[in-house]
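Examining the three-dimensional arrangement
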Amino acid sequence: MMEEPITVRIATLKVVSEPAVLVSRGLGSCVGVVLYEKGSGIAGMAHILLPSEEFSLKKDMPEKFADKAIEIMMDQMIQLGAIRSRIVAKIAGGARMFISSAPMPERVHVGERNVQAVKKKLKEMNVPIIAEDVGGTRGRTMEFDTKTGRVKIHLADKTVKVL
Amino acid sequence: MSNKIALSKFQLDALVEVGNIGMGHAANSLSKMLARKVQMTVPYINFLPVERLTEMFGNVEALVAGVYLEISGDARGKVLLLFPRDSALALADIIMNREVGSTTILSQIDQSALMEIGNILIGSYLTALNDFTGLKLRQSVPKLAFDMIGAVMDFLIIEISSVAEEALVIETQLTEPSNKIKGYVIFLFDPGSPELILKALGVDK
């Protein structure tokens, strides 16, 4: 039987130990981060909005920041019995969605900035990124099956990529 | 200064009225361009926590064309025009003089046409706002995205988060008689800008 997917809404995260399908829908410049322990099925997904607190006026939702969300997911997974050194990551998102008819001087784009922040935090915590689909100009829906460890990336044109 | 904005019912009504007048002008421009009667109304004006913006539209995976512009000058803000997929294609057909329904993929020229619609709509809106308030406002070059609505809108939330906790959303609905085209205009004013507009209108107290 197919499980009903659990939607991880923007600026939130979800950690599970029972088999589940976690999904972040319509990622543009946001980044979806999946952490999982191979074998046990203990896993989490975060739908990250911003790199860290300093980029936001409102600081009361730590789940929306790359650094805090990854720490929270890791802690919750360890509480459920996961072993830190066995946890790996898959990430997707961080696109630049808008094209312009005239070239404009661009600062570092918010999508790239998010991806950089996620990678920096994962490196700091020694979590290897075993698959990624980041950047580009297209939106993504990221779907993660905790039983198989497989991530499916759905694009607007219905194409699917497996990570 | 607080970053949450408290406005009275009277002040909100004043902003709605400005929105209506601006959108009236914009609808006229668009009616001329499309040679059909386009109506625009302001059904919704409110403050929303920024993270909840994409959820206004329900299904975040629905396909839309988004035209994005920034407003600068005496007040600052961002504007996003959203056309559901079928409406965007129908609009392109009408502008390019094709039978409505014949397009399934937006060509480069179609995309430019949609950006131009954004330019004209927002231009006439800002002109009306200027006539009314004396505020001088400029618009940036438009940008376009054609994708899932969540993906099209999330960078806006990211940008707004750094300056505001809540966004003033003026959601305008665009309709025309054949019902082939629906659209939404979302204005997000930076903090301080709604107050500036109200002051210019003389309803700041």
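Residues numbered from 1 in each chain as written. Chains lettered and ligands numbered in written order. Predicted model: local features only at pLDDT ≥ 70, side-chain atom pairs only at ≥ 80, totals over all residues.

1. Thoughts on the overall build of chain B
Per the secondary structure count, chain B includes 5 helices and 7 strands. Written out in order from the N terminus, the α and β elements of chain B read α-β-β-β-α-α-β-β-α-β-β-α. Computed over its C-alpha atoms, the radius of gyration of chain B comes to 17 Å, within 12% of the 17 Å expected for a compact globule of 205 residues. Taken over the C-alpha atoms alone, chain B extends approximately 50 × 35 × 25 Å along its principal axes. (Helix = DSSP H or I, 4+ residues; strand = E, 2+ residues; numbered from the N terminus. Rg over C-alpha atoms; globule rule 2.2 N^0.38 Å.)

2. Some details on the sheet that holds strand β2 (residues 13–16) of chain A
Residues and elements named next belong to chain A. Overall, mixed pairing links the 5 strands, which are arranged β2-β5-β4-β6-β8 in an open sheet. Strands at the two margins of the open sheet, each flanked by one partner only, are β2 and β8 (129–134). Neighbour-to-neighbour, the strand axes of this sheet turn through a mean angle of 10°, independent of strand direction. Both strand β6 (residues 87–93) and β8 contribute to a ladder of 5 bridges, which runs parallel. When the sheet's bridge partners are listed, K90 is paired in β8 with A131. Along the sheet face, helix α1 (residues 66–79) touches β2, β4 (31–37), β5 (43–48) and β6 and points at about 165° away from the line of β5. (Pairing = 2+ DSSP bridges. Axes fitted to C-alpha atoms, helices over the stretch in contact; angles between N-to-C directions. Contact = placed C-beta atoms within 7 Å.)

3. What to know about the sheet that holds strand β3 (residues 21–27) of chain A
Residues and elements named next belong to chain A. Strand order in this open sheet of 5 strands is β1-β3-β9-β10-β11, and the pairing throughout is mixed. Looking along the sheet, the strands with just one partner apiece sit at the ends: β1 (6–7) and β11 (160–162). The pairing of strand β9 (residues 140–145) with strand β10 (residues 150–154) spans 5 bridges and is antiparallel. Bridge pairing in β10 links F144 to V151.

4. With respect to the packing of helix α2 (residues 85–95) of chain B against helix α3 (residues 108–133) of chain B
Residue and element names in this part refer to chain B. One can describe the packing of α2 onto α3 by two numbers: an axis separation of 10 Å at closest approach and a directional angle of 95°. One element, α2, and the other, α3, form an angle in the roughly perpendicular class. Residues A88, L91, A92 and I95 of α2 lie in contact with α3, whose contacting residues are D110, A113, L114 and I117. Considered class by class, the residues forming the contact of α2 with α3 number 7 nonpolar, no polar and 1 charged. (Parallel < 35°, antiparallel > 145°, perpendicular 65-115°, else oblique. Nonpolar A, V, L, I, M, F, W, Y, C, P; charged D, E, K, R; others polar.)

5. What about the interface of chain A and chain B?
Taken together, the 29 residues of chain A in the interface contact 29 residues of chain B. For the side of chain A that touches chain B, the secondary-structure elements that each account for two or more residues are β3, β7 (99–100) and α2 (110–124) of chain A. Of all the elements, β3(A) adds the most residues to the side of chain A that touches chain B, at 3 residues. When its residues are assigned to classes, the side of chain A that touches chain B shows 16 nonpolar, 9 polar and 4 charged.

6. What to know about α1(A)
All names here are of chain A. If you check α1, its first and last C-alpha atoms are 20 Å apart, about what 14 residues at 1.5 Å a residue would give, namely 20 Å. Along α1, the residues that are buried comprise A66, K68, A69, I70, M73, M74 and M77. Packing partners of the buried residues in α1 comprise β2, β4, β5, β6 and α2. Within two residues after α1, G81 carries a phi angle of roughly 110°, on the positive side. (Expected span 1.5 Å × (residues − 1). Buried ≥ 20, exposed ≤ 12 C-beta atoms within 10 Å, placed from the backbone.)

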